[in-house]
Amino acid sequence: MSSLSTPSTPARLSQGEFIALIAMLFATIALSIDAMLPALPEIAETLTPAAPNRAQLIVSTFFLGMGIGTLFVGPLSDAFGRKRVIIAGGVIYTLSALVCYVAQSFEVLLIARVIQGIGAAGPRAVSLAMVRDQYKGREMARIMSFAMMIFMLVPAVAPLMGQGIIAVAGWHAIFLVYIVFSLITVAWLGLRQPETLAPEARVPLSLTTLAASARDLFSRRPVLVAIVIQGLTMAVMVATISSIQPIFELHFARGETFPLWFAFMAGMACFGSFLNSRIVMRLGMRKVITRAFAVVLVLTLAHLALRATVALPEPWTFYIFLAWAVSLFGMMTLTMGNLNALAMEPVGHIAGFAASMIAAAATVLAVLVSAPIGQAFDGTPMPLIIGAAALIAASLGLMRLLK
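Model, not experiment: these values are computed from the prediction.

Reading the values: rules and limits
Residues numbered from 1 in each chain as written. Predicted model: local features only at pLDDT ≥ 70, side-chain atom pairs only at ≥ 80, totals over all residues. Heavy atoms only, no water. Helix = DSSP H or I, 4+ residues; strand = E, 2+ residues; numbered from the N terminus. Rg over C-alpha atoms; globule rule 2.2 N^0.38 Å. Buried < 20%, exposed > 50% of the residue type's maximum accessible area, 1.4 Å probe, protein only. Contact = heavy atoms within 4.5 Å. Lys, Arg positive; Asp, Glu negative; His and termini not counted. Charge placed at Lys NZ, Arg CZ, Asp CG, Glu CD. Salt bridge = Lys/Arg side-chain N within 4 Å of Asp/Glu carboxyl O. Core = buried A, V, L, I, M, F, W, Y, C linked by side-chain atoms within 4.5 Å. Axes fitted to C-alpha atoms, helices over the stretch in contact; angles between N-to-C directions. Parallel < 35°, antiparallel > 145°, perpendicular 65-115°, else oblique. Left-handed = near helix turned anticlockwise from the far one by under 90°. Patch = residues over 30% accessible without salt bridge, like charges linked within 9 Å, V, L, I, M, F, W, Y side chains within 5 Å. Areas by Shrake-Rupley, 256 points an atom, 1.4 Å probe, with all protein chains shown as cover. pLDDT = per-residue confidence, 0-100. Polar contact = N/O pair within 3.5 Å; in protein donor to acceptor, adjacent residues only side chain to side chain.

**Q** Is there a simple way to explain the overall build of the chain in this structure?
**A** Regarding its fold elements, the chain presents 15 helices and zero strands. For the chain, whose C-alpha radius of gyration is 20 Å, the value lies close to the compact-globule estimate of 22 Å for 403 residues. The principal-axis extent of the C-alpha atoms belonging to the chain is close to 65 × 50 × 35 Å. Each of the 403 residues in the chain was classed as buried or not, and the buried ones make up 57%. Of the contacts formed within the chain by residues at least 6 apart in sequence, a portion of 86% connects residues at least 24 apart. Within the chain, one finds 25 positive and 16 negative side-chain charges whose respective centroids are separated by 14 Å.

Next comes the structure, spelled out in structure tokens:
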């Protein structure tokens, strides 16, 4: 196993526990989004009945806050250590979830979701820097694949959990679950995980140092290309998550069973993480990403052509859409971890700053690109399919720039 730890770095967790912890930190993001999906119709009816499509902003504002937060958490973690910043982010996340719980207006809810996203930036970006502190290249991609495999279990159960909470206590109570989850994860990190950034490796906060790090990061063409591809790929995910619940409810009349179908899709996507962990060391990250994009682009164009030219009866249109959606989730598991590893590979000496800037740029790009797709929802899956085809094609084309 390749190690980047220094002699002064404390003893590691076992690799299994470390992977599980990283997966739990990543899962903060999935839980914060996917458990809310069954609540969108009730939120729309309660807080924004005149414009129900605005309920999708519950998802995109969280991503926006996460993009803003990641601008700061990386440099802070380079200066003060990884654990302190993740724990501070957990505190912000928990307090904003409490505000969401008591919110009685849509505007207050959206503001609190932005702040919640800022808090979630700690677990999301700094945990990536923790992985990079100890692993690099294909080995980092392999660790990320195992973490993603566990992480994907959360989207599988989160909508079902959200639906159950809504039935028992109403949609506000979902935010209480967020508070409990965050407290458990932060306690695990604080009690079990040694600090991965040795004191002598820390970089004091200064404008000169930050400017030098920024020049170093953004002067590297492979990093820039990987960021853009990551942003476009994430945009497909954000647009899909924002639109899929309304598609199931309004187009396919399967709103009540949506959590079960979403669990099925997430469960099937776990295979992508498993497959990536098996092949990335042999094929390399670039080949895995390129082939994933190519296969899903062909499936997307075929799906688009089929919907435009053939009037298939139900339930065939639903099952074809379901298979296509599974392919999208699989594409995410085969590409996102590898794209992160590609972007981080040459910048391990500024891992915290790099993880922060990469995540921030990709997330903000994803929000800006995906928002029009979500708001274009017209009761059919066509805006999502067309938008996904364009974004995947652009990503595949940009992969040619990564030699």
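**Q** Just checking my understanding: could you explain the pattern of salt bridges for this structure?
**A** Any two side chains of opposite charge can pair if their charged atoms end up close together. On inspection of all chains with the given rule, the structure shows four salt bridges. A salt bridge links Glu17 to Arg192; its shortest N-O distance comes to 2.8 Å. Of the two residues, Glu17 sits in helix H1 (residues 15-34) while Arg192 sits in helix H8 (residues 174-192), which places them 175 residues apart along the sequence. For Glu17, a relative accessible area of 18% corresponds to the buried category. Arg192 sits in the partly exposed class, given a relative accessible area of 46%. In this structure, Arg82 and Asp78 form a salt bridge, with 2.8 Å as the shortest nitrogen-oxygen distance. As far as burial versus exposure is concerned, Arg82 and Asp78 are alike and both buried.

**Q** Explain the nonpolar core to me, please; I cannot follow it from the model alone.
**A** Counting 129 residues, the largest nonpolar core has Ile43, Leu109, Tyr178, Leu217, Met265 and Ile392 as the members making the most contacts within it. No other element matches helix H13 (residues 316-344), which puts 16 residues into this core.

**Q** Can you walk me through the packing of helix H10 (residues 221-251) against helix H14 (residues 351-375) in this structure?
**A** The relative placement of two packed helices is expressed as an angle between their axes plus a distance between the axes. Where H10 meets H14, the axes come as close as 7 Å, and the angle between the chain directions of the two elements is 40 degrees. Here H10 is positioned oblique relative to H14, judged by the angle of their axes. H14 is crossed by H10, and the crossing has right-handed handedness. Taken together, the residues of H14 that come into contact with H10 (itself represented by Val223, Ile227, Val228, Gln230, Gly231, Leu232, Met234, Ala235, Val238, Ala239 and Ser243) are Ile358, Ala361, Ala362, Thr363, Leu365, Ala366, Val369, Ser370, Ile373 and Gly374.

**Q** Whenever I open this one, a nonpolar patch on the surface confuses me. Can you help?
**A** A grouping of Leu64, Ile68, Leu71, Phe72, Leu76, Phe80 and Leu205 is seen on the molecular surface, where their side chains present a nonpolar patch of about 580 Å² in accessible area. Its place among the elements puts Leu64 in helix H3 (residues 57-80).

**Q** I tried to follow the packing of H10 against helix H11 (residues 258-283) on my own but got confused; where do I start?
**A** Their axes nearest at 10 Å, the elements H10 and H11 cross at an angle of 130 degrees. Between H10 and H11, the angle is such that the two are oblique. Both H10 and H11 take part in a crossing whose hand is right-handed. Contacts from Ile244, Gln245 and Phe248 of H10 reach H11 at Phe258, Trp261, Phe262 and Met265.

**Q** Please explain the confidence of the model for the chain as it appears in this structure.
**A** Where the model shows low pLDDT, its predicted coordinates should not be examined in detail. Summarising the model, the chain shows a mean pLDDT of 87, and 97% of its residues fall at 70 or more. When mean pLDDT is compared element by element in the chain, helix H15 (residues 382-399) scores highest at 96, while helix H6 (residues 137-151) scores lowest at 73. Within the model, pLDDT remains below 50 along residues 1-10, and this stretch shows 28 contacts once partners closer than five positions in the same chain are excluded.

**Q** So what exactly am I meant to see when it comes to the environment of Leu64 here?
**A** A relative accessible area of 34% means that Leu64 is categorised as partly exposed. Along the backbone, Leu64 and Ala366 are 302 residues apart, and their C-alpha atoms lie at a distance of 9.0 Å.

**Q** Help me understand the side chain of Thr363 in this model?
**A** Here Thr363 is to be found in helix H14. Sequence-distant contacts of Thr363, defined by excluding residues within four places in its chain, comprise Phe63, Met66, Gly67, Arg124 and Met234.

**Q** Would you mind going over the side chain of Lys83 with me for this structure?
**A** Along the polypeptide, Lys83 turns up in helix H4 (residues 82-102). Buried and unpaired, Lys83 has Glu195 as its nearest opposite-charge partner, separated by 6.4 Å. Here the side chain of Lys83 touches Gln193 through a polar contact of 2.9 Å, landing on its backbone oxygen. Those residues in contact with Lys83 that lie beyond four places of it in its chain are Leu189, Gly190, Gln193, Pro194 and Glu195.

**Q** Teacher, can you tell me more about the environment of Thr380 here?
**A** Checked against the element boundaries, Thr380 lands in the loop between H14 and H15. Separated by 82 residues in the primary sequence, Thr380 and Val298 place their C-alpha atoms 21 Å from one another. Setting aside chain neighbours within four positions, we find Thr380 in contact with Ile247 and His251. Side chain to side chain, Thr380 and Asp378 meet in a polar contact 2.8 Å long. There is a polar contact of 3.3 Å between the side chain of Thr380 and the backbone nitrogen of Met382.

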